[in-house]
Every structure is written in C-alpha cells, then in structure tokens.
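# Coordinate inspection notes
Read off the chains here:
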Amino acid sequence: MKTIKKAILVLITILLVSTINAQEETKASLDIGVDFASRYVWRGLEFSDSPAVQPYVELTSGNFTLGAWASYETGGQVVGQEFDLYASYSFGPVSLGFTDYAFPVDGVSDGYFQMKNHIGETTLTFDGVEKFPLTAMIGVNIYNDDQNSIYTEIRYPFKVGETELSAFVGAGNEIYSLDGDFAVTNFGVSASKDIKMTDSFSLGVSASAIFNPDTEDAYLVFLISL
C-alpha cells in the first residue's frame, strides 16, 4: 500500500511540474461548472436511483488537463457518492489518462484517505479526426481491483439539425459484468444541444438512452449543464 501511495505522489508531482512548464508556453484555462442529472448511470451501470448533482473543475494548459469531478445523490443514499481526480495528456488525437475514483461514505468520516475506498484506472483514448470522427477508449484498473477490470468503448458522433448526437457501445469484464466475462454492458444514443437563454448565456441540455443487455436494464437519462 505504501508503494501505491508513493507512486500516486510521484505521479501528482510529475503532473504538476508538467503543468507549470506548459503554462510557461501556453496560457492556461480554468473551467468550473455543475451538471444536474436525472440519474447517475456510468458505463451502463446505475450508481444512483435518484437525481444527482455533479460539480466539476478542470484546468487545461496546452495538451495537459487536470480536473476533479464529483457526483452526489440527492436521495441521500450512501451508494452514488463519488469524488474523482483525473489527469490526461494528448498527443494529437491520442490521449493518455489516469483517474483516481473515490467512493466516500456518508457519516462521521468519509474515509477519503483510506486507500481501500479508491480505485485507479489508466486509459488510452483515440479522440477521432475530421475525416474519421470515431472515438475509442480502453481503460484498465491498476489498483484496488485484483481482477484489473477492463472497459472499452467506441462512439460515433453525428448531427441532426442543430442537435449533436452520438451512438456508442461499450463492453467490460470483471466488475462491469455479472459473470466476470467480457460482455456488452453499455450501448445507446446521446443527444445534446445548447439552448440560448440570453446573449451571453446558454443552457446545455442532453439526453441519453442507455441499454445494458448484461443486466437487462434500460435508462433514459436527462442532464442540464451550467
């Protein structure tokens, strides 16, 4: 466990140094916002059975990104509380990423500093190019998951009028599937658009029809972004 903690500290140090160096050459930007989701469904798995508030903050400098994202279920259930830290670096359309997923527990103590409440994942992502907009990603859990679960997903964007859409399909094993074997756990269609409220403010809205054939579940999730 000490080795894991040291590795995380070294990674954070490298990321911070890289960000500082990048800032010397490229102006950094900071994005802060919050999403209101009718339900938190991630990779075809339900993480809350009531609406969720999902704040985020993201720093971008050149090809480097650092961010924090959280989801808090409004129903007050222990399940569905999450706080993640992530970082990525892009090499053109290809990105390398790392996410530390934390699942604090409501009560006297969230236990955030107990590593058993965290899962780490590394990702490799192809973000698509103009002539071939298909995106693809693969993620592998690297700590606190003895099975080193793998999840992979492809997504194809298209447009109908002013509405942005994307069709997606994802598959995973171990923690993602009921029997631990690779299975399609997430497919569907997402649609999003900006609704202009004033000359200087637009409201982002999206809806996703999500199907998980492995668990035989289906969801229609609505999201408002501020």
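Note: the structure precedes this text.
Residue indices follow the written sequence of each chain, beginning from 1 at its first position. pLDDT decides what is reported in this predicted model: residues at 70 or higher carry local features, side-chain atom pairs at 80 or more are listed and counted, and totals for whole chains, interfaces and linings draw on all residues regardless. To get the side-chain values, take all heavy atoms of the structure and skip hydrogens and water.

### Some points on the overall build of the protein chain
Helices and strands together make up the secondary structure of the protein chain, namely 1 helix and 14 strands. The buried label applies to any residue whose accessible area, calculated with a 1.4 Å probe on protein chains only, is under 20% of its type's maximum; exposed applies above 50%, and partly exposed to all values in between. For the protein chain, the residues scored as buried account for 38% of the 226 residues in total. Working rule for contacts: check all heavy atoms of both residues, and any pair within 4.5 Å makes them a contact. At a minimum sequence separation of 6, the contacts of the protein chain that also span at least 24 residues come to 38%. Each accessible area value is a Shrake-Rupley result obtained with a 1.4 Å probe; residue values ignore everything except the protein chains displayed when judging cover. With the model as given, the accessible surface of the protein chain reaches about 13,100 Å², and the carbon-plus-sulfur share is 62%. In this description a helix means any DSSP run of H or I spanning at least four residues, a strand means any run of E spanning at least two, and both kinds are numbered starting from the N terminus.

### Examining the nonpolar core
The definition of a nonpolar core used throughout is a set of buried Ala, Val, Leu, Ile, Met, Phe, Trp, Tyr and Cys residues joined through side-chain atoms within 4.5 Å. Ranked by size, the top nonpolar core spans 8 residues in total: Tyr40, Leu45, Phe47, Ala52, Trp69, Met137, Tyr151 and Tyr176. In terms of nonpolar packing, the next biggest core, distinct from the first, is built from 5 residues, Val41, Phe168, Ile210 and Tyr219 among them.

### Description of the environment of Tyr156
Relative to the helices and strands, Tyr156 is located in strand S10 (residues 150–160). The class of Tyr156 is partly exposed, set by a relative accessible area of 42%. Along the sequence, Tyr156 and Gly128 sit 28 residues apart, while their C-alpha atoms lie 9.0 Å from each other. Setting aside residues up to four positions removed in sequence, Tyr156 forms contacts with Pro133, Leu134, Leu165, Ser166 and Ala167.

By themselves these figures say nothing about function.
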